[in-house]
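Understanding the architecture of this molecule
Single-letter residue listing:
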Amino acid sequence: MSKIIFLDVDGTLVDYHNRVPESAVKAIQQARQNGHYVFVCTGRSRAEMQPELWEIGLDGMIGGNGSYVEHNGQVIMHQLISKEDAKAIVDWLHERGLEFYLESNNGLFASENFKEVARPVMRQYALSKGKTAAEVEHMEAEDALHGLIYGGELYRDDLNKVSFILNSYQDHLDSAKAFPSLKAGTWGGRGETALFGDLGVKDITKAHAIDVLLEHLQADKKDTIAFGDAKVDIPMLEYCEIGVSMGNGGPEILAMADMVTDDVEEDGLYNAFEKLGLI
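Residues numbered from 1 in each chain as written. Predicted model: local features only at pLDDT ≥ 70, side-chain atom pairs only at ≥ 80, totals over all residues. Heavy atoms only, no water.

Labelled according to an unreviewed UniProt entry, the protein chain appears under the name Haloacid dehalogenase-like hydrolase, originating from Streptococcus gallolyticus.

Written out as structure tokens, the structure reads:
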């Protein structure tokens, strides 16, 4: 029976150096040869999917943490921030002096001073993910954010999400009050250690997007397997028949997963595919 496999990207399919382990490529290609479907299910927008990820061979993607669904190049669902809300967010961030980037399938559109302000922030983020001080010494924001565009139009109607650099945690709290019709979150650290705030479409989850995709495929939930490493992946692991946490996962996902595999850098995907009889 064919299985439908959903892979988070950062920390699951790619390591913290943004590299895909060779064993993961081998596992995905063998699984697809065996008749299984493999989709990425990620917070990334399509523009952030570097070409080598598609070159592995994938059946499609769920992006923007569930706002976008694609199968074999066909868009199944795409829920966007309205143009009115998008303009209001840009104006609000400018008024507060916060630098940001707009996440779209057409690219990541950065604010005027993002490059300079983001440089130390992205280096700090990379250090928290295991990179050394020497590795991040000359790192630029675009080394970590694939698809970053400077000087583009900032009033847009194609946005999945907006990420902005926090001057303080209060910026996140205030964004939630300013945009109650949107989902306000943070990333790059827990609670007040967060580096970024973000705003996206409300009531979007990876689990809902999987439901939409299964309906399109006329497939059964009992044939689903999900892999993740972070708290945002928990609804996906709960929804699927089998939920697998990477060994490098956070405490919440490690506690709830049906199965824990090895670290992303220790052939975690390959080993799990093997144990689950996918290859």
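1. What about the sheet that holds strand E14 (residues 259-260)?
If you walk across this open sheet you meet the eight strands as E5-E4-E3-E2-E1-E12-E13-E14, and the pairing is mixed. The strands lining the two open edges of the sheet, one partner per strand, are strand E5 (74-78) and E14. Pairing analysis gives four bridges linking strand E3 (residues 60-63) to strand E4 (residues 68-71), with the strands arranged antiparallel. Bridging from a neighbouring strand, Gly-60 pairs with His-71 of E4. Strand contacts of helix H8 (residues 206-217): strand E1 (4-7), strand E2 (37-41), E3, E4, E5 and strand E12 (224-228), with the helix running at about 140° to E5, the strand carrying the most contacts. (Pairing = 2+ DSSP bridges. Helix = DSSP H or I, 4+ residues; strand = E, 2+ residues; numbered from the N terminus. Contact = heavy atoms within 4.5 Å. Axes fitted to C-alpha atoms, helices over the stretch in contact; angles between N-to-C directions.)

2. Some words on the packing of aromatic side chains
The relative placement of two aromatic rings is captured by the distance of their centres and the angle of their planes. Counting across every chain of the model gives eight aromatic pairs. Between Phe-6 and Phe-39 the ring centres are 5.8 Å apart and the planes differ by 25°, which places this aromatic pair in the stacked class. Placement of Phe-6 in strand E1 and of Phe-39 in strand E2 is noted, with a sequence separation of 33 residues between them. Aromatic pair Trp-187 and Phe-196: ring centres 4.2 Å apart, planes at 5°, arrangement stacked. Accessibility classification places Trp-187 together with Phe-196 in one group, the buried group. Among the aromatic side chains, those forming a connected cluster through ring pairs are Tyr-101, Phe-114, Tyr-125, Trp-187 and Phe-196. A cation over a ring is seen here: Arg-156 above Phe-109, with NZ or CZ 3.6 Å from the ring centre. Directly above the ring of Tyr-239 sits Lys-221, whose terminal nitrogen or CZ lies 4.5 Å from the centroid. (Phe/Tyr/Trp six-rings, centres within 6.5 Å; stacked < 30°, edge-to-face > 60°. Buried < 20%, exposed > 50% of the residue type's maximum accessible area, 1.4 Å probe, protein only. Lys NZ or Arg CZ within 6 Å of the ring centre and 35° of its normal.)

3. A closer look at the side chain of Asp-59
Topologically, Asp-59 is positioned in the loop between helix H2 (51-56) and E3. A polar atom in the side chain of Asp-59 sits 3.1 Å from the side chain of Arg-32. (Polar contact = N/O pair within 3.5 Å; in protein donor to acceptor, adjacent residues only side chain to side chain.)

4. What about the nonpolar core?
The nonpolar side chains of soluble globular proteins are, as a tendency, buried together. Grouped together as the largest cluster of nonpolar side chains are 28 residues, with contacts concentrated most on Ile-5, Leu-7, Leu-13, Phe-227, Leu-269 and Phe-273. At the level of elements, E1, helix H1 (22-33), E2, H2, E12 and helix H11 (268-275) are the ones that each hand at least two residues to this core. Excluding its chain neighbours within four sequence positions, the residues that come into contact with Leu-7 are Leu-13, Ile-28, Val-38, Phe-39, Val-40, Cys-41, Phe-227, Leu-269 and Phe-273. (Core = buried A, V, L, I, M, F, W, Y, C linked by side-chain atoms within 4.5 Å.)

5. Focus: the domain arrangement of the protein chain
You can read the domains of the protein chain as domain 1 (2-77 + 203-274) and domain 2 (81-198). Each of domain 1 and domain 2 was reduced to a C-alpha centroid, and the two centroids are 24 Å apart. On the side of domain 2, 15 residues touch domain 1, which itself brings 16 residues to the contact. Both faces combined, the contact of domain 1 with domain 2 buries some 1,300 Å², and carbon together with sulfur accounts for 47% of it. Considering only the side of domain 1, the residues that lose the most area to domain 2 are Tyr-16, Ala-47 and Glu-48, jointly responsible for 37% of the buried surface there. Viewed at the interface, domain 2 and domain 1 are joined by zero salt bridges. (Domains from an automatic or database assignment. Buried area = accessible area lost by both parts, 1.4 Å probe. Salt bridge = Lys/Arg side-chain N within 4 Å of Asp/Glu carboxyl O.)

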